Amino acid sequence: MKTEIVSIKTRRENSSYDITIGSGLYRSCGKWAAECGVNKNDRVAIISNRTIISLYVEAVTAGFRAAGFKTSTFLIPDGEKYKNLSTLQKILDFLGKERISRTDVVVALGGGVVGDIAGFAASIHLRGIRFLQMPTTLLSMIDSSVGGKTGVNSVYGKNLIGSFYQPAGVLIDTDSLKTLPKRELAAGFCEAVKQGALSGQKLLDLTAEVLDGSPQMTQFLAAQVAFKAKVVQADERESTGRMDKLSRKILNFGHTFAHALEKATDYKYLKHGEAVGYGILFAAALSKKLELISQNEVDLLDDVVRRAGRLPSLSGIDPARVIDSFKYDKKVVHDSLQWVLLKGIGKPIIVPNNQIPHSEIVKLTKEFTAK
Ligand code: NAD
Ligand code: GLY
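Conventions used here
Along each chain, residue indices are assigned from 1 in the same order as the chain's sequence is written. Starting at A for chains and at 1 for ligands, labels are handed out in the order in which the entities are written. At least 70 in pLDDT is required for a residue's local features to be given in this predicted model, at least 80 for side-chain atom pairs to be given and counted, and no such filter applies to totals for whole chains, interfaces and linings, which use all residues. Values shown for side chains rest on all heavy atoms present in the structure; no hydrogens or waters enter the calculation. In this text, helices come from DSSP runs of H or I with a minimum length of four residues, and strands from runs of E with a minimum of two, each type numbered from the N-terminal end. Helix span is expected to be 1.5 Å times the residue number reduced by one. Think of it this way: the bend at a residue is just the angle between two axes, each fitted to seven residues, one set ending at that residue and the other starting at it. Note on exposure labels: buried denotes an accessible area under 20% of the residue type's maximum, exposed denotes more than 50%, and partly exposed covers the range between, all computed with a 1.4 Å probe on protein chains only. We call two residues in contact whenever any of their non-hydrogen atoms come within 4.5 Å of each other. When DSSP finds two or more bridges between two strands, those strands count as paired. For helices, the axis comes from a line fit to the C-alpha atoms of the stretch in contact; other axes are also lines fit to C-alpha atoms, and the angle between any two N-to-C directions lies between 0 and 180 degrees. For this quantity, the arc is that covered by the directions from the helix axis to the C-beta atoms. The salt bridge definition used is simple: a Lys or Arg side-chain nitrogen within 4 Å of an Asp or Glu carboxyl oxygen. Summary of the distance rule: residues count as near a molecule or strand when at least one heavy atom falls within 4 Å of that molecule or strand. A 3.5 Å cut-off defines polar contacts: any pair of N or O atoms within that distance qualifies, except that in protein one atom must be a possible hydrogen donor and the other a possible acceptor, and neighbouring residues in sequence count only when both atoms are side-chain atoms. We call a crossover right-handed when, viewed with both strands directed away from the observer, the connection leading from the first strand over the helix to the second proceeds clockwise. Residues grouped as a nonpolar core are buried Ala, Val, Leu, Ile, Met, Phe, Trp, Tyr and Cys residues, joined through side-chain atoms within 4.5 Å.

(A) How the structure looks around helix H2 (residues 50-66). Between its first and last C-alpha, H2 extends 23 Å over 17 residues, near the 24 Å set by a 1.5 Å rise per residue. Of all the bends found along H2, the most pronounced is centred on Tyr-56 and spans about 65°. For H2, every residue scored as buried is listed here: Ile-52, Ile-53, Tyr-56, Ala-59, Val-60, Thr-61, Gly-63 and Phe-64. Buried residues along H2 sit in contact with helix H1 (29-35), strand E3 (44-49), strand E4 (71-76), strand E5 (105-110) and strand E6 (130-135). Downstream of H2 by one or two residues, Gly-68 has phi in the positive range, about 90°.

So this is what it looks like as structure tokens:
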């Protein structure tokens, strides 16, 4: 089967890296690492978790060994709650104890949690050593492994401590999606719908086709990654002042309501992607209320989100807690929340909260939490 490669240029470091996508790639991951510039004598420190390593240890270690690499592996506990400074400290201790040097490489094998924390560790161990990503969830393939955001959560909120640190390469083996639990796959597809809605009809249609069973997984992932790459190349560090269509902030489409839902349910009830699914529907409904999009466009988004998977019911969630949670949104600029809405499919627009009647937000939140 054909392998696709999407290249990303990084302006700040004046370099580029490739995202290689295809089936059955783990067995040749050593060859890929060599192509990314890792030499035979460089050591490979794999960061993963028990769930993932038990599925892929054989293929991945065989892949590195076949190319002559020595590997050592450190496993972190599985779960978002371990994406914190205490786990980071343990990874740094491992890298120190193993004497992982400036010429060696950190490999993140896992979903967004592993990718974010391993990338952050690589960015600060010896002030930065090379880093490779092998994302194993749909969300990490199309989103978190693309664009160099790394980090951990703090007691004050999610992803508040971190760095922008670009990998030397990303390897996506589509076969790893076969073992992904259904709910995780659905959550990833909600992020894919988000990127489709932002990019335009073509990517949204391709996403809908894959949800309907089209076998074009490699092409779909390449198109999703290419869209995210276009946005992050245009605004590598998410400048706070930018409000245009290619500002990195547009990736927050669906996330304002999603973050509020997650906070109001103590991050325990919904997967992030599921919350984004509702967030897309909320942003679409708000865009319609402001007469930016038509009912047909709202229905189209509703249809694709529903096809991504069954979302847990929001009924019983206190709307007042959701509304209160908006004020903790990380994307607040100068005390004002910024909503990413749509003027049409593929036409995002950033609207400050003070330009939206609060009564509409309250009304919609009540409608959504009655579902
Ligand atoms: P995750 O990393 O927690 O993985 C979800 C679950 O799936 C875990 O239990 C994991 O062990 C399991 N798993 C992973 N791959 C598997 C496979 N192939 N087969 C079976 N099980 C597998 O969750 P995620 O959704 O991948 O990532 C979420 C994280 O990503 C959050 O911490 C979020 O903040 C972060 N994120 C970062 C960015 C960024 O730009 N850096 C963007 C979006 C999200
Ligand atoms: N996931 C949002 C970003 O990468 O900017």
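So much for the structure itself; the text now carries on.
(B) Focus on the sheet that holds E4. Strands sit in the order E1-E2-E9-E6-E5-E3-E4 across an open sheet of seven strands; the sheet is mixed. Single-partner strands in this sheet number two, and they are strand E1 (4-10) and E4. Averaged over all adjacent pairs, the angle separating strand axes in this sheet is 20°, with direction ignored. Across the sheet, H2 is in contact with E3, E4, E5 and E6; its angle to E3 comes to roughly 160°. Sitting on the sheet, helix H4 (residues 112-124) touches E3, E4, E5 and E6, and the angle it makes with E5 is about 170°.

(C) Fine view of the environment of Gly-151. Here Gly-151 lies in strand E7 (residues 149-154). The buried category is assigned to Gly-151, whose relative accessible area is 2%. Linking Gly-151 and Ile-129, residues 22 residues apart in sequence, is a C-alpha distance of 15 Å. When near neighbours in sequence (up to four residues on either side) are disregarded, Gly-151 contacts Lys-83, Asp-116, Ile-117, Phe-120, Ile-161 and Gly-162.

(D) How the structure looks around helix H11 (residues 295-308). Helix length check: H11, at 14 residues, gives a terminal C-alpha distance of 20 Å against a target of 20 Å (1.5 Å per residue), a fit within 8%. Considered for burial, the residues of H11 that qualify are Val-298, Leu-301, Val-304, Val-305 and Ala-308. Buried residues along H11 cover an arc of 135° about the axis, so they all sit on one side. Here the buried face of H11 lies against helix H6 (182-199), helix H7 (201-211), helix H10 (272-289) and strand E10 (338-342).

(E) Looking closely at the pattern of salt bridges. Tallying each qualifying case throughout the model produces 19 salt bridges. The partner of Arg-43 in a salt bridge is Asp-104, and the shortest N-O contact between them spans 3.3 Å. With a gap of 61 residues between them, Arg-43 in the loop between H1 and E3 and Asp-104 in the loop between helix H3 (85-97) and E5 connect regions that are remote in the sequence. A relative accessible area of 26% places Arg-43 in the partly exposed class. A salt bridge links Glu-274 to Arg-183; the shortest N-O distance between them is 2.7 Å. Here Arg-183 lies in helix H6 and Glu-274 lies in helix H10, a separation of 91 residues in the sequence. The exposure class assigned to Glu-274 is buried, which follows from its relative accessible area of 2%. Judged by relative accessible area, Arg-183 falls into the partly exposed class, the value being 38%. The structure contains a network of salt bridges with shared partners spanning Asp-212, Asp-303 and Arg-307.

(F) Up close: the site of ligand 2. Asp-143, Lys-149, Lys-228, Glu-238, Arg-248 and Leu-251 make up every residue found near ligand 2. Between ligand 2 and the protein, one listed contact pairs an oxygen atom with a side-chain N or O atom of Lys-228 at 2.5 Å. A distance of 2.7 Å separates an oxygen atom of ligand 2 from a polar atom in the side chain of Arg-248.

(G) A look at the pairing of E4. Judged by which residues are buried, E4 turns out to be one-sided: Ser-72, Phe-74 and Ile-76 face inward and are buried, whereas Thr-71, Thr-73 and Leu-75, on the alternate face, are not. Sheet analysis places E3 next to E4, joined by six bridges and oriented parallel. Paired with Ser-48 across the bridge in E4 is Leu-75. The parallel pair E3 and E4, bridged by H2, forms a crossover whose chirality is right-handed.

(H) Inspection of the nonpolar core at higher detail. Grouped together as the largest cluster of nonpolar side chains are 75 residues, with contacts concentrated most on Ile-19, Leu-221, Phe-257, Trp-339 and Phe-368. Ranked by residue count, the leading element in this core is H10, at ten residues. Here Phe-257 is in contact with Tyr-278, Gly-279, Phe-282, Leu-314, Val-322, Phe-326, Trp-339, Thr-365 and Phe-368, once residues within four sequence places are set aside.

Taken by themselves, the reported measurements are silent on function.
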